[in-house]
Amino acid sequence: MKEFMLLFRQPSYDYSNASPSEMQALAQKWKDWVNGIVAQDKLSSHGPRLSLEGKVLKSGGVVTDGPFVEVREILGSFIIVKAEDLEAATTLAHGCPAVEMGGSVEIRPLYM
């Protein structure tokens, strides 16, 4: 069994405008989706939610504010799953709430 990182990219969205019930419903979708992976014994590690602040270091020592300020998606978090191959890991990514909200899931093999 190999390990794959699922990176969750979401549109830059101001969640401060969401009602508490909307936030609770979204949190429940994430919990249900991850629990489905746990039930299959495929979750290897649960990554922390990432801050919106940050810096980017580029070639030549150029430092910019914020992670990937030139794109419309933000990297929100990640998990590490166990799967036989890339296709199986991609199947686990289906149903991710980030995709439902217009975002994406990047699936990357980990080399140990």
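The coordinates are above.
Not measured: the values here are computed from a predicted model.

### Details of helix α2 (residues 86-93)
- Residues of α2 that are buried: Ala-89, Leu-92 and Ala-93. Each buried residue of α2 lies within a common arc of 105 degrees when the element is viewed along its axis, so the set occupies one face. In this structure, α2 carries Glu-87 and Thr-91 as exposed residues pointing more than 90 degrees from its buried face.
- Remark: Gly-95 follows α2 within two positions and exhibits a positive phi of approximately 90 degrees.

### As for unusual backbone geometry
- Phi angles above zero are rare outside glycine, and Asp-41 is one such case at about 55 degrees.
- Within the secondary structure, Asp-41 sits in the loop between α1 (20-39) and β2 (43-46).
- The class of Asp-41 is exposed, set by a relative accessible area of 57%.

### As for the side chain of Ser-77
- Mapping Ser-77 onto the fold places it in strand β5 (residues 73-83).
- Residue Ser-77 is classed as buried on the basis of its relative accessible area, which comes to 12%.
- If near-sequence neighbours (up to four positions away) are discounted, Ser-77 is found in contact with Leu-6, Leu-7, Phe-8, Gly-47, Pro-48, Arg-49 and Leu-50.

### Topic: the pattern of salt bridges
- As enumerated under the stated definition, the model contains four salt bridges in all.
- Notably, a salt bridge pairs Lys-82 with Asp-41, separated by 3.9 Å at the nearest N-O pair. Taken together, the positions of Lys-82 in strand β5 and Asp-41 in the loop between α1 and β2 put the pair 41 residues apart, joining distant regions of the chain.
- Among the salt bridges present, the one from Arg-108 reaches Glu-106, with a minimum N-O distance of 2.8 Å.
- Each of Arg-9, Glu-106 and Arg-108 takes part in one network of salt bridges that share partners.

### A look at the nonpolar core
- In this structure, Leu-6, Phe-8, Trp-30, Trp-33, Ile-79, Val-81 and Cys-96 are the most contacted members of the largest nonpolar core, which totals 17 residues.
- The leading source of residues in this core is α1, at five residues.
- In contact with Trp-33, other than residues within four places in its own chain, are Leu-6, Phe-8, Ile-79, Leu-92, Ala-93, His-94, Gly-95, Cys-96 and Pro-97.

Rules used in this analysis
- Residues numbered from 1 in each chain as written.
- Predicted model: local features only at pLDDT ≥ 70, side-chain atom pairs only at ≥ 80, totals over all residues.
- Heavy atoms only, no water.
- Buried < 20%, exposed > 50% of the residue type's maximum accessible area, 1.4 Å probe, protein only.
- Helix = DSSP H or I, 4+ residues; strand = E, 2+ residues; numbered from the N terminus.
- Arc of directions from axis to C-beta.
- Contact = heavy atoms within 4.5 Å.
- Salt bridge = Lys/Arg side-chain N within 4 Å of Asp/Glu carboxyl O.
- Core = buried A, V, L, I, M, F, W, Y, C linked by side-chain atoms within 4.5 Å.

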